[in-house]
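Close look at the chain arrangement
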Amino acid sequence: MYRVPPTPCDMFRALREQQNKSWAHVCVVKGRNLTKKSNSRADLNQALVCYQQALDLDGENADAYQGRGATLIKLRRFEDAIAMFQLSLKYDPANEQTRGYLDACYALASRRAQDDRSAEARRGYYEGVEDTTTASEKRNASRARKRKKDKKKEKRRKKKKKKKRRPPSLTDSSDGEPS
């Protein structure tokens, strides 16, 4: 059997694909270092940019999807992270680390949803409670606070006045002799 040699175009495509995979790996490593190095929002957003560059070069890079998901967890964007881990598993179904991340992310998303429901229920409860205080009760409470504040001011003023007072002199007579 005779085999057709590759054309220059085929060789170029193969070389370009190899270079893209190599550069994508460099971007993934850079993103991973940014994610591990810091929890600052700026660094984490920069890591997301690095992972996106890797995906632009190699759209089937499971490590880029996994790293992007891990960064999204740190940014507390659990739904987006779940989507990234699912894409990572699509391209590398045997990756146990990604499965672990995905399970942890489901748990975090579930806990967050539960917390959100609790907060919403609390808000709903307090919105439903009517303020039954009458205008005169509010006015009386305001006056009581003002009286209390005025008493404190008066106390401080008297205390200050006592400190300024001099002790009585030892002499009572005008000639300056002690009695």
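See the structure above.
No experiment lies behind these values; they were computed from the predicted model shown.

**Some words on the packing of helix α3 (residues 62–74) against helix α4 (residues 78–91)**
Two numbers describe how α3 lies on α4: the axes approach to 8 Å, and their chain directions differ by 165°. Between α3 and α4, the angle is such that the two are roughly antiparallel. Regarding α3 and α4, the two cross each other, and that crossing is left-handed. Between α3 and α4, the residues in contact are Ala62, Tyr65, Gln66, Arg68, Gly69, Ala70, Leu72 and Ile73 and Phe78, Asp80, Ala81, Met84, Phe85, Leu87, Ser88 and Tyr91, respectively. Of the residues belonging to the contact of α3 with α4, the class tally is eleven nonpolar, three polar and two charged.

**Looking at the environment of alanine 47**
Along the polypeptide, alanine 47 turns up in helix α2 (residues 41–57). In this structure, the C-alpha to C-alpha distance between alanine 47 and asparagine 33, residues 14 residues apart in sequence, is 8.1 Å. Apart from residues no more than four positions distant in its own chain, alanine 47 is found in contact with Gly31, Leu34, Thr35 and Thr71.

Criteria and cut-off values
- Residues numbered from 1 in each chain as written.
- Predicted model: local features only at pLDDT ≥ 70, side-chain atom pairs only at ≥ 80, totals over all residues.
- Heavy atoms only, no water.
- Axes fitted to C-alpha atoms, helices over the stretch in contact; angles between N-to-C directions.
- Helix = DSSP H or I, 4+ residues; strand = E, 2+ residues; numbered from the N terminus.
- Parallel < 35°, antiparallel > 145°, perpendicular 65-115°, else oblique.
- Left-handed = near helix turned anticlockwise from the far one by under 90°.
- Contact = heavy atoms within 4.5 Å.
- Nonpolar A, V, L, I, M, F, W, Y, C, P; charged D, E, K, R; others polar.

So yeah, pure geometry; function would need other evidence.
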